[in-house]
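Observations on chain architecture
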Amino acid sequence: MPPHNNNHHGGVAADANFLEEIDVNQASSVIDLHRSNLLRIQAEQLVEECRIKQDASWVKVAQAYMDHVGEVVSSMTIQSNEMQDLPASPFSTKLSDRKSAATAVSVDNLQVSQPSHPFIGLSTLQGNANVLPTFTLHVKCSKSILEPKDYLRNRYFDKRNRIVWAVALQLQKKHFTSIGQVYWHYVTGDVRRVQLLLVPPTQQSQVEAPTKSSKKQRKQKKGKQQSSVQGNVDETATLPRTKTLKFRVQLEFGFGLDSLDWIPPLRLLPNRCNLATGETNGAITSSQMYNHVLMEDAFFGPMNINEHDIDDIDEIQAVLQASFLLAKTWCLQRGMFRAHDGFDSEQLLALLVYLFRTKRVNARMGPTQVLAALWKLLVSTDWLGEHSGATLTDLEQRQASANLIRVAPSEAYQGEAATVSVKRTVLVVPRPNKTENQTVATCKMAQSYAQQVKESPLTDHDPSTLLELWETMYLLGPVLLDSTMRYNFLGRISPSFMRDLQQQSQLALDRLHERMAFDTLFMRRARFWSRYDVYMRLPLKEISFASELWGHDRADLGHYETIARGMVQVLTRALGDRVHAIRIFSTGNGLVKNQVDAVRDSDDLPVFEVNRSDESKMGKHAGRKETCPNGSAEIVIGVIVNSDTCYRIVDRGPPADDVQATTKFLQLWGKKRAQLRRFKDGAIVHAVVWDSTVEDDENTSESSYIRFHNDDKQQGGIIERIMRHILKQHFISNESAQKSNLQFSLRNMMSAIDGVLQQKPGNDSQHLNQLSAHRLLLKAFDSLVSFLRTNSAPTIRVEGSNDMISRLGVPLPVDAVEPVSPALRYAELFPATPHPDLGASLAPKVERLSGAIVSNPIDVQIRFGASSKWPTDIKAIGAAKTAMLVSLVDGIEKLKLTGTGKGFDGPMMVTTSYADIGYMGFVFRIRVRADPELKLLRSLSQPSPEAASLLQLLTKRHVVAATHHSMVHAVYTSHPSSSAVSRLAKRWVSSHMLSGHLPFEALELLVVHVYTDKTFPHGVPGSVTAGFMRFLDLLSDFDWVKQAMIVDPQGQFDEDATSEIQHQFEKVRGSDWKHGPPMYIVAPTYTSVDEAADLNSRPDALPIFTRSAPELVVLLRATALARRTYDFLHNALTKFEANSWCAAFQETTSSFRSYSALLRVDADFCIDPVSSSTGSHIDVEVEKDGLLSSGFTRSMKLRVKGPKGLQRKAYRNLENRSNDNLLLEFNPVDQVVSALRAHLGTYLLVFYNDLCPEVLSILWRRPRMAPHAFAAAASEFARPVILSDWKNDTLVTVNVMDLLRSMTHYTRDIVVDYKVFDQGLGISPASLAVEESKPRAKRKDMEPAAPEESDSDSD
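Residues numbered from 1 in each chain as written. Predicted model: local features only at pLDDT ≥ 70, side-chain atom pairs only at ≥ 80, totals over all residues. Heavy atoms only, no water.

Structural notes on the overall build of the protein
Secondary structure assignment for the protein yields 39 helices and 37 strands. A separation of at least 24 residues holds for 75% of the contacts in the protein among residues at least 6 apart in sequence. Carbon and sulfur atoms provide 50% of the accessible area of the protein, an area that totals close to 59,300 Å². (Helix = DSSP H or I, 4+ residues; strand = E, 2+ residues; numbered from the N terminus. Contact = heavy atoms within 4.5 Å. Areas by Shrake-Rupley, 256 points an atom, 1.4 Å probe, with all protein chains shown as cover.)

Put into structure tokens, the structure is as follows:
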């Protein structure tokens, strides 16, 4: 696709100035007009980049090449004896029932022609997903080679393909020098219709290598070649060649179909069978796909149906070509072009021609308007007869094959209604200057059919008209007929593709008027492997045709297509509204690479070389039954999860008195799974239950399928189990079902953030379940809120006065307790577990108690009621806040003595900023939010630097943090997998030594952007895997230099605010785009007018959490790591590698040499070695007791134990234990890193993994190492650049060893060893003497001194 052009985004800030001058009442309409004009201009530029210039030199070469190919093929003569001498043909296994289908033929009248409008449908390499432009040549032959009944039972196709193979051999053996390499392939995966692909020679092509043959054989071969070309085509003439490969040519064959009068016209209708005779269940068996393939050879696309049908194309050619290129680009980006059951150029052009001829669009409209009309046509048409009279939203809510009615969040009714007549919408391409109705009324085929039904109907219930026949009896998919009503342009399109196309079209219409519409529609790629939430694969060789629910049309559709369509049909019926879409992986969805290859490209279409030197290899690809259209031996299923219903555990069957429906229900699920159950409403019906009970073949050391605690909501676990059951029930033989490894790709990545669901849950199962652990935290928080609000209210009267005091003794009542901590929004990577010494009633049972709390304290803030007693001095307010905390803690201590402070236990600590208390087993960090303090700081007209810094700190800590929590928590609630993605992102950042550089709030905003931004073409992720992959893709691909990321999940920013943010961003970045925060993320962090009076003063127009971090070097490192991780996981996703994902959360040992120095931390401070950046294994493992444990579970157990040196024996019956020595917070390494960054941050960067800080990696700031003149005021850590014999005026640089000695002041007792790789700049006197002879300004060879390593061999 064309590269992303940043000019498309230019001028946004300039346009804002223009919009400010517009009247408010006209602003909305003007903005819409501006956007539509901008989209039109961008679309025109894209079309121009994708359009092939017909006067280009390589186009002239292509035309000469096609002329030559036409002459060569037209001059060919294929004798009948030649046809008999093809034992190595890939088509030697005949499709038909005739013993000698293609032996007695002689072909000498091949006709080659080009399409009437060859450039309509073609685009440049960049506009074609880096697939070479492919011209088409049509090859036809007279019907004289055919017998009257050759259209029956594959006889025609046997003969056709043998002739195609003979043509391929002649081209390759006799004309290789001028024609080039010949390949044969199945364009749509159908073995009945093979085509040839020609790759022309180039100027760089090598001379033909001689084969290993005797001299006599070479002479004979030379004689045969000379005799074969004599009198036919002059091969001595030199054809022009391009320097590099610029194009390809495809030969499409239609032997014997230059005229259709040898086939009875009515034999090709949907209710006729040309494969077999007989009846099944009273209905005549039809061969609809077989009939369509016959018609494909006769109709080479919509532009070549009949000459009189293209008379009007010249009038609309310009806008038709532009509209086609836009539609093609949109389809290519979504993997919907050149799919074996999807769009190709002919089908897309047919739809556009239909729009023009039905007057829905005209030549005066722009290409974007035509494309919008195409989307509306696709959405509004009932192509499959599934939602007649309903909208597409209704279609999404009820699947076609399953009548699902939601009755409760946990259960639904699944009715199996009797088969009803489906009536789809059928469109007919009108003749030029005719309406659709006029075309149907004057159609000769329609008249012939009506006469046949009137005189001799096949059955008593034959449709009365041909249009009604297509509407009711065609079963394969959508219908768009040509003007003769014989050929269905959309005959290859499957129902699953059409549903996917309708959903994507509706999404495109919704995004059409968005701010970034052009990027969303045409520039961002959303192909198969990035658009679906979960993927499952199944080897084709394991599939058995033993089910009664599918496979009856195998002879018509073919082996693979029957499997693919049957699988989608049965799975759609079983999954119902748990999913939004189901799609089988097809061609046209490969990885778009930068390099250009003749045949290996993003289409993933297998081609097979016609080997001219070794005929024994020509037929090695003959077996096509067990391969997909893309050449794979495995079928891959993609599913888009419906997060609202995917975790429903009960499917109720039909009423017991409905015998027919009950039989179908049992036929779908099987009698073992669907059992009679009694429900609360008294009904006794068959039902299927997908509860949390672990089955016998799951979660054992021998099983490869592992269930996690929360994969039902976060990873589509119930969907996975349903698919496993249905595939084993209806598609896999009993022998293969026991061995099949049916599971979602990369599903075990949940091991990093969740525990394994055990068959026999232990006592600590709720603490090892991340969702249950978070719920315990929230329960404790709610109890704390109730306690503080109740006991701070003035309810006790003071003796001798009318004043009232509270039980806690605080002077003001607590008006609100606001959550701030990630643990209170389900986002803590390792949720805190209740500690027995902190008042926990439900604590994990351990042999040794931890003497320190390893988890982060749970941040909350309290707001007191309004009062005029607050001081009016900043320092006095700070002192009052501290006094409030002291009074609060004293009140709690007093209530503990009276027995009313139940739940409080352990030590309590008060600082000037917060108070740490233990409650119900957890450590809560309480801060006081004083709104008078914020108002006073904002009211300062000329605040001092200290006051401005304090205002920024308090605003971020109290206002922004609370609003951020509310906004993010709302997203986490709406999208269950989003919080898990944030936790996984936290683990990824830590494992790559980026702790403290990327704020966790910034990671959350990125995740929120992934789940709520409307500019993404993928839709909302429905699984952890999909969400995490898109998080990595966003972090690595976003243009952080020239774009501001606006995260607005609730739509709080209007057009003015968005323009102001963009204007402010461009102002901060400057003209050279080098200033301001490297990661510019803006989110609505203010919710009231009092906090932000107007846009010019509102701080939320600037980044809050990323204002000072990350630095540019860190951001570059993070984006590079994200891209590398994404590519690695994408490869593992497509290959279904079960355990390789762990490497995405690890650093290699060699990568540590990229740092300047390494400091090894004492192992006693590494509490969780499972989370190590090197050598850890966070996948599921088998414990000594035979149970499975995830990496998350093992880390949680280690964190519960705490530091080894602070553990103490837990006595069961000892009540009066001392808990005053319990450390409420234990993070010594974090404190060391904070000190290093605060005091030495101008000289170095510190990278480490806060989950397991084994190593502190130091990176010197190279600009500070640059030589500079000595100054006494800045002499700290300075040394001469010259290593010896330096003079008084010698330049100085940073002394690395002084830095290391200074660092030991902070790292004492923490760091046990170090290694230095970079000791800074330094030059020797010898090199200095050489430099003295050069101009001073040209000294550029100052190199770092050789590193001096310590005696330790640690990395």
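On we go from here.
Considerations on the side chain of Gln-250
With respect to the element layout, Gln-250 can be found in strand E5 (residues 248–255). According to the relative accessible area criterion, Gln-250 is buried, its value standing at 11%. Here His-185 takes part through its side chain, which lies 3.4 Å from a polar atom of the side chain of Gln-250. (Buried < 20%, exposed > 50% of the residue type's maximum accessible area, 1.4 Å probe, protein only. Polar contact = N/O pair within 3.5 Å; in protein donor to acceptor, adjacent residues only side chain to side chain.)

Examining the packing of helix H30 (residues 976–991) against helix H32 (residues 1024–1037)
At a minimum axis separation of 9 Å, H30 and H32 run at an interaxial angle of 55 degrees. Considered as vectors, H30 and H32 are oriented oblique to each other. Considering how the two elements wind past one another, H30 and H32 form a crossing that is right-handed. Residue-level contacts link Ser-977, Ala-980, Val-981, Leu-984, Ala-985 and Trp-988 of H30 to Val-1024, Gly-1027, Phe-1028, Phe-1031, Leu-1032 and Leu-1035 of H32. (Axes fitted to C-alpha atoms, helices over the stretch in contact; angles between N-to-C directions. Parallel < 35°, antiparallel > 145°, perpendicular 65-115°, else oblique. Left-handed = near helix turned anticlockwise from the far one by under 90°.)

A closer look at the sheet that holds strand E29 (residues 1157–1161)
Judged by pairing direction, the sheet is antiparallel, and its four strands sit side by side in the order E33-E34-E29-E37 without closing on themselves. The two strands at the open ends of the sheet, each matched to only one other strand, are strand E33 (1244–1247) and strand E37 (1311–1316). Averaged over all adjacent pairs, the angle separating strand axes in this sheet is 20 degrees, with direction ignored. Pairing geometry for E29 and strand E34 (residues 1255–1260), over four bridges, is antiparallel. Bridge assignment links Ala-1157 to a residue of E34, and that residue is Ile-1258. (Pairing = 2+ DSSP bridges.)

Some details on the pattern of salt bridges
A full pass over the atoms with the stated rule returns 45 salt bridges. In this structure, Asp-1298 engages Arg-1301 in a salt bridge whose closest nitrogen and oxygen atoms are separated by 2.5 Å. One end of the pair is Asp-1298 and the other is Arg-1301, both in helix H38 (residues 1296–1307) and three residues apart, which spans about a single turn. Because the salt bridges share partners, they merge into one network encompassing Asp-190, Arg-192, Glu-296 and Arg-492. (Salt bridge = Lys/Arg side-chain N within 4 Å of Asp/Glu carboxyl O.)

Notes on the environment of Ala-327
Following the sequence through the fold, Ala-327 ends up in helix H9 (residues 313–333). For Ala-327 and Leu-371, which are 44 residues apart along the polypeptide, the C-alpha to C-alpha distance reads 6.4 Å. In this structure, Ala-327 is in contact with Leu-348, Leu-371 and Leu-374, ignoring residues within four places of it in sequence.

A few points about the pairing of E33
On a regular strand, each side chain points to the face opposite its neighbour's, so the side chains alternate between the two faces of the sheet. Neither face of E33 is exposed, since Leu-1244 and Val-1246 on one face and Leu-1245 and Phe-1247 on the opposite face are all buried. Across four bridges, E33 lies against E34 in antiparallel orientation. By the bridge assignment for E34, Leu-1245 is matched with Leu-1259.

Observations regarding the sheet that holds strand E13 (residues 579–584)
Taken in spatial order, the three strands line up as E12-E15-E13 in an open sheet, and their pairing is antiparallel. Of all strands in the sheet, those with a lone pairing partner are strand E12 (534–539) and E13, marking the two edges. Across the sheet, the mean angle from the axis of one strand to that of its neighbour is 20 degrees, orientation sign disregarded. In terms of strand pairing, E13 meets strand E15 (residues 634–641) through five bridges, oriented antiparallel. Of the residues in E15, the one forming a bridge with Ile-582 is Val-639. The strands touched by helix H20 (residues 559–575) are E12, E13 and E15; relative to E13, the strand with the most contacts, the crossing angle is about 165 degrees.

Considering the nonpolar core
One finds Leu-171, Leu-196 and Leu-251 to be the most contacted residues of the largest nonpolar core, which totals 142 residues. A per-element tally of this core places H9 first, with twelve residues. Residues within four places of Leu-251 in sequence aside, it is in contact with Val-69, Val-73, Leu-137, Val-139, Leu-171, Gln-195, Leu-196 and Leu-198. Judged by nonpolar contacts, the second largest core, of 89 residues, contains Val-981, Leu-1006, Val-1008 and Leu-1032. (Core = buried A, V, L, I, M, F, W, Y, C linked by side-chain atoms within 4.5 Å.)

Overview of the confidence of the model for the protein
Summing up the model confidence of the protein, the mean pLDDT is 82 and the portion of residues at 70 or higher is 81%. Taken together, the stretch residues 616–624 has pLDDT below 50 and engages in 20 contacts with residues farther than four places along the chain or on a different chain. Throughout residues 1087–1098 the model reports pLDDT below 50, and contacts reaching past four residues in sequence, or to other chains, amount to twelve contacts. (pLDDT = per-residue confidence, 0-100.)

Details of the packing of helix H21 (residues 659–669) against helix H23 (residues 717–730)
Viewed as axis vectors pointing N to C, H21 and H23 meet at an angle of 95 degrees, and their least axial separation amounts to 8 Å. Between H21 and H23, the angle falls in the class roughly perpendicular. Contacts between H21 and H23 involve Gln-667, Leu-668 and Trp-669 from the first element and Ile-722, His-725, Ile-726, Gln-729 and His-730 from the second. Of the residues belonging to the contact of H21 with H23, the class tally is four nonpolar, four polar and no charged. (Nonpolar A, V, L, I, M, F, W, Y, C, P; charged D, E, K, R; others polar.)

Side note on helix H36 (residues 1228–1240)
In this model, H36 (13 residues) spans 18 Å end to end at C-alpha, consistent with the 18 Å of a helix rising 1.5 Å per residue. Within the sequence span of H36, burial applies to Pro-1228, Val-1229, Val-1232, Val-1233, Ala-1235, Leu-1236 and Leu-1240. Buried residues in H36, looked at end-on, bunch into an arc of 160 degrees, giving them a common side. The exposed set on the far side of H36, more than 90 degrees from its buried face, consists of Gln-1231 and Ala-1238. (Expected span 1.5 Å × (residues − 1). Arc of directions from axis to C-beta.)

Section: unusual backbone geometry
Excluding glycine, a negative phi dihedral is what most residues carry, and trans is how most peptide bonds are arranged. The omega angle of the peptide bond from Ala-1109 to Pro-1110 is 0 degrees, so this bond is cis rather than trans. With respect to the helices and strands, the residue Pro-1110 is situated in the loop between strand E28 (1081–1082) and helix H34 (1112–1135). The residue Met-993 is not glycine, and still its phi comes out positive at about 65 degrees. When you line up the elements, Met-993 lands in the loop between H30 and helix H31 (1000–1012).

Observations regarding the packing of aromatic side chains
Evaluated as defined, the whole model comprises 40 aromatic pairs. Taking 5.0 Å as the distance between ring centres and 45 degrees as the angle between the ring planes, the aromatic pair formed by Phe-528 and Phe-585 counts as tilted. Of the two residues, Phe-528 sits in helix H18 (residues 528–531) while Phe-585 sits in the loop between E13 and strand E14 (608–609), which places them 57 residues apart along the sequence. Judged on exposure class, the residue Phe-528 and its partner Phe-585 are both buried. Between Trp-529 and Phe-1136, the ring centres sit 6.3 Å apart and the planes meet at 75 degrees, which makes this aromatic pair edge-to-face. (Phe/Tyr/Trp six-rings, centres within 6.5 Å; stacked < 30°, edge-to-face > 60°.)

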